[in-house]
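A structural walkthrough
Residue strings, one per chain:
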Protein chains: 2
Amino acid sequence: MRIALAQLNPLVGDLVGNAARLLQASAEAVIEAASGEPLLMVTPELSLWGYPARDLLLRPSLIALQNRLLDQLTSDLQRQAPQVSLLVGIAEPTGSRTVPNLYNALVLVEAGGWRVVYRKQLLPSYDVFDERRYFVAGLAPAVLQWPPAGGLRLGLTICEDLWVDADLAGQRLAGPDPIAELKDAGIDLLLNLSASPFGLGKLVLRRQLATRAAARLGAPVVYVNQVGGNDELVFDGASFLIQPDGALATQLTCCREEVVSLAWPPHGNATAQAVARLEPPDELEQLFRALVLGVADYARKCGFNQALLGLSGGIDSALVAVLAAAALGADQVTTLLLPSPWSSEGSISDATALAQRLGLATQILPIAPLMQAFDHSLAAVLGGAPSGLAAENLQSRIRGTLLMALANQQGQLLLATGNKSELAVGYCTLYGDMNGGLAVIGDLYKTTVFALCAWLDGQAACACRSELGLPPDGELIGAAIRHKPPSAELRPDQKDSDSLPDYAVLDPVLKALIEAHQSPEQLVADGVDPALAERVMGLLRSAEFKRRQAPPVLKVSRRAFGSGWRMPIAAR
Amino acid sequence: MRIALAQLNPLVGDLVGNAARLLQASAEAVIEAASGEPLLMVTPELSLWGYPARDLLLRPSLIALQNRLLDQLTSDLQRQAPQVSLLVGIAEPTGSRTVPNLYNALVLVEAGGWRVVYRKQLLPSYDVFDERRYFVAGLAPAVLQWPPAGGLRLGLTICEDLWVDADLAGQRLAGPDPIAELKDAGIDLLLNLSASPFGLGKLVLRRQLATRAAARLGAPVVYVNQVGGNDELVFDGASFLIQPDGALATQLTCCREEVVSLAWPPHGNATAQAVARLEPPDELEQLFRALVLGVADYARKCGFNQALLGLSGGIDSALVAVLAAAALGADQVTTLLLPSPWSSEGSISDATALAQRLGLATQILPIAPLMQAFDHSLAAVLGGAPSGLAAENLQSRIRGTLLMALANQQGQLLLATGNKSELAVGYCTLYGDMNGGLAVIGDLYKTTVFALCAWLDGQAACACRSELGLPPDGELIGAAIRHKPPSAELRPDQKDSDSLPDYAVLDPVLKALIEAHQSPEQLVADGVDPALAERVMGLLRSAEFKRRQAPPVLKVSRRAFGSGWRMPIAAR
């Protein structure tokens, strides 16, 4: 018999298309099987829907569609791959008249029919997760005997059900311990069907949790994770098989669809190809790949082939340009240089050189004439040209309006280039440089932007760059861009350091306030200057209204701005 | 003895200020009491925090602050109002190491000390509510004996605990029936501490639920609701006392802070003043008052005295101008007319006349010079001026940029003027007319805008207009504005009806799709033209990316765009 890990990239809400992909993956998996050899295909959490389907789960017509698709899948399997048993994630109606009225459930689809075999017990409703909005918790563990006659005892879990070790995960949900329940029941193999978004350090953490469970259960763990970008979340896949002794026997690729079929029990060691992948890639490489996938899938799933961005000559837009080129192909990315009288000479030359290195189309559109035209128009109302922050914001909005005009006219996705440090303290202009369909690096602190760009320009990135179609050799971002002092260039000789602490000082303070919800008092107790702590807290709070109107931010940290950050605006 | 209903308007997250207000309200309530007469003051749900505090509840320092404030409140009461027992809503740590780790709880604060007396059992996590993100459910009903010696048996409930009648409320949460539990326990009086946002029809619904509970329990119900605007939510107060026979004995004001102290048991009928308020105001008047409160509190709680808006001569911006004048005072509201070559003559004359009727400052700033400047700049890149939708969006963004420049320079809150029908189908420009800190009428379908404006111009609105400082007599919006065919005026002779079905046809379809999550197939079964149903569904779906970046929308319907509408963008 065989077990297949189907690391799929669904389109959220496209139940028909996702069901077709499940059938196709079954056909792929069965190629390596002997005729009639039983094969169990394990798919990600809610694989019929894509995760997170959010309020699409409230549509009765989509709920009703599931049964028809499962019936269809049953008869298709019968015809095309009758030896396959398929574990599919669905939203099962509870039948109760109270709300919520769904289970996050698993269905076993076989040639003979389909049936619900498990209901998720631990429903995350923290950070970006809202499962209690849609689902009620299942109340019992489930062991599936497969194949029915004399087969394996399979313990079934869905994503959070595995996250029961607070010492590893940092927290644990109130509720039962599904692993302990399955230990009591006795199983031969634990299956976990997940939709676990990418985050720095998450890949190692998932393996640690699986290793702990494997040791507790004395059984191997098959962990299948969704892959693909869905709005702000990037699912990195990286599914795996871990042996009871903690040995990693199979590791699927990060950030790519893959269907792997394993003979069971797995014989000897992993294949040579698999072993090469067992070491997790460098953390910065993981981050880069996740961001590339996030851009590629957001564009594709929204129907865009091309992207547009403004290049300032600074490091943020340079990084986004590289990510866009890797995601969509250099020939699909257009850049626009929008210099003002306050732009440095380097803003043109550095940006132009970057675009040449990447092979991106570039045009230059000076904004001075529009600045004068706005000053003239506004003077009639204000009695003079706008000044101070209003003038700085105006420049940014002229650029944002030009970029949107081009994106609209040319059918391109505009990418926003701001980083998390800026979004946190409000060092960005609403309706200006915040414009775009996606805030690509909006969850990267400025210091992380520096680190990722240094990695990109180093030897370690060559193979990854080559694989992603970027120029493999030489500097990509370039030392001139990486080493210049950050500046918004919205007034003469402006530097970020005029208004903000150095990013090396600012970023750890932001991280404590945002990701650990610390108070300024706690920061001061940890040695942060009291005036700095209060000031940064004040900036963070008062920029809430801007963030509320920001584009989706690709999440890579423990807490990103977006659906996992739900702060009131009118508050103290 | 006395029972006081404290319908308070807290500032979310300002625990210190809210505690001070609780003390002050206790002092107000005690004025009517005899010396030493026991007085129980009932406050809204989570009254120490303000509702919804959202992710502020995740800050350990604020959780820790509560105990200090409750100690302080205890000693302050001892000194200033020792006869008062105060029921306060807090977020009580569960003490567990699992998450979530708070109860939504009630504390009884008295001169002798404070203690937790109840934990909310039904935690809403639908629509705009996220209580399962923060709270675990209490597991038991609570009856409070007050005063301790031979007093009343008070049944304690918090907001959703009362919403157990699915036939009235349309749905019911999974969980116990707290009213049935209290019936078993036997009580003399039911208290409900609420934070129930305004919605059309909600006032009547709350009374019906309370009437049902009073009948089941054979006991009166004291219902105390929060008042005030908090971001997108407007709490309308309208607290009341209902007798076991369903008679409404006391009705507090809608949309205003009020502390009312009742001798207990309540003697005879309600006071004359109270009786006058027993009939709920006209639904359109309620809607108007709620929107005014929403604007006033958003501005005040964000630190703005002044507002700015663009007047197009159309009905949407006219209504927002009236709301802003009522909320902030006409002298605090500035309007800007931004005509283009495609603007009708009426766009100037009607807008100017409206501003005169309201007494608003008005300036005119034609945008033709900026349109030409942008066309000229963009031609260098596009090879010609932008066309079609790109050109229309550009005009809207020029206006949005001008408005933001003025708002920034003058320290004003920019109000967005789009309606729900537009936001639903994407008939609006991101970074253009969607700009603003608050989308005032973003939850009003166009047909509701017509109805509200007709009401405002009619006799029935005179008293309300007068009370809110608006000109009491004559037309306010004016027939010219109310009766002109809707137009965005972004190209010559454009009408909304060129691109969209009539609003009388469109709005019911939108309502079914948005508020009932119906599918196009269901609409067709109900007699809607199939092409129309599909087309509107497609428009709704493809405008999701715009709504994600919209300002907070004041919620007045069953489902508003904003935190109660969580749709994926990259989806099918």
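For clarity, every value in this text was computed on a predicted model and none was experimentally measured.

For the rest of this paragraph, the subject is the overall build of chain A. Check the secondary structure of chain A and you find 21 helices and 19 strands. Taken over the C-alpha atoms alone, chain A extends approximately 85 × 50 × 45 Å along its principal axes. Within the span of chain A, comprising 572 residues, buried residues form 56% of the whole. Pairs at least 24 apart in sequence give 72% of the contacts found in chain A among residues at least 6 apart.

Contacts between the two partners involve 79 residues from chain B and, on the opposite side, 79 residues from chain A. Elements with a contribution of two residues or more to the side of chain B that touches chain A: α2 (60-80), α3 (131-134), α8 (283-302), α11 (368-382), α12 (388-410), α19 (520-525) and α21 (544-548) of chain B. The element best represented in the side of chain B that touches chain A is α12(B), accounting for 13 residues.

On to the sheet that holds strand β12 (residues 240-242) of chain B, then. Residues and elements named next belong to chain B. The strand order across the open sheet formed by six strands is β6-β7-β8-β9-β12-β13, and the pairing between neighbours is mixed. In this open sheet, the two edge strands, each paired with only one partner strand, are β6 (143-146) and β13 (248-251). Averaged over all pairs of adjacent strands, the angle between strand axes in this sheet comes to 20 degrees, irrespective of strand direction. Relative to strand β8 (residues 189-194), strand β7 (residues 152-158) runs parallel, the two sharing five bridges. Residue pairing for β8: T157 is matched across the bridge by N192.

Between helix α12 (residues 388-410) of chain A and α11(B), whose axes approach to 11 Å, the crossing angle comes to 55 degrees. What the angle tells us is that α12(A) and α11(B) run oblique. You can see that α12(A) and α11(B) cross each other, and the crossing is right-handed. Across the interface between the two elements, L402(A), A405(A), L406(A) and Q409(A) of α12(A) pack against F374(B), S377(B), L378(B), V381(B) and L382(B) of α11(B). Class assignment for the residues of the contact of α12(A) with α11(B) results in seven nonpolar, two polar and no charged.

Time to look at the relation of the copies chain B and chain A. Overlaying chain B with chain A gives an RMSD of 0.0 Å, the required rotation being 180 degrees about an axis along which the chain moves by 0.0 Å. What the superposition gives is, in effect, a two-fold axis relating one chain to the other. Among all residues of chain B, the one whose C-alpha sits closest to the rotation axis is Q549(B), at a distance of 2.1 Å. By residue overlap, the copies meet face to face through one surface: 100% of the interface positions of chain B are interface positions in chain A.

Owing to its 3.6 residues per turn, the α-helix aligns residues three or four sequence positions apart on the same side. Residues and elements named next belong to chain B. Taken together, the buried positions of helix α5 (residues 178-185) are P178, I179 and L182. Considered in projection along α5, the buried side chains sweep an arc of 100 degrees and stay on one side of the axis. Buried residues along α5 sit in contact with β7, β8 and α6 (202-217). G186 sits one or two residues past α5 and shows a positive phi near 80 degrees.

Pairing between sheet strands relies on hydrogen bonds along the backbone, with the strands arranged either parallel or antiparallel. All names here are of chain B. As summarised here, the arrangement of the five strands in space is β17-β16-β15-β18-β19, forming an open sheet in which the pairing is parallel. Each end of this open sheet is capped by a strand with a single partner; those strands are β17 (361-364) and β19 (438-439). As defined by bridge partners, strand β15 (residues 307-311) adjoins strand β16 (residues 333-337) across five bridges and the pair is classed as parallel. Along β16, the bridge assignment pairs G310 with L336. Sitting on the sheet, helix α9 (residues 315-328) is in contact with β15, β16 and β18 (413-416), with an inclination near 160 degrees to β15.

Let us now look at helix α2 (residues 60-80) of chain A. All names here are of chain A. Helix length check: α2, at 21 residues, gives a terminal C-alpha distance of 30 Å against a target of 30 Å (1.5 Å per residue), a fit within 8%. Every buried residue of α2 is listed here: L69, L70, L73 and L77. Where the residues of α2 are buried, they touch α1 (15-30), β3 (84-93), β4 (102-110) and β5 (113-119).

Right, let's get into the pairing of β15(B). Residues and elements named next belong to chain B. Most of β15 is tucked away: five of the five residues are buried. Neither face of β15 is open: one carries A307, L309 and L311, the other L308 and G310, and all of them are buried. Across two bridges, the pairing between β15 and β18 is parallel. Bridged to A307 within β18 is L413.

Calculation rules
- Residues numbered from 1 in each chain as written.
- Chains lettered and ligands numbered in written order.
- Predicted model: local features only at pLDDT ≥ 70, side-chain atom pairs only at ≥ 80, totals over all residues.
- Helix = DSSP H or I, 4+ residues; strand = E, 2+ residues; numbered from the N terminus.
- Buried ≥ 20, exposed ≤ 12 C-beta atoms within 10 Å, placed from the backbone.
- Contact = placed C-beta atoms within 7 Å.
- Pairing = 2+ DSSP bridges.
- Axes fitted to C-alpha atoms, helices over the stretch in contact; angles between N-to-C directions.
- Parallel < 35°, antiparallel > 145°, perpendicular 65-115°, else oblique.
- Left-handed = near helix turned anticlockwise from the far one by under 90°.
- Nonpolar A, V, L, I, M, F, W, Y, C, P; charged D, E, K, R; others polar.
- Least-squares fit on C-alpha atoms with pLDDT ≥ 70 in both.
- Arc of directions from axis to C-beta.
- Expected span 1.5 Å × (residues − 1).

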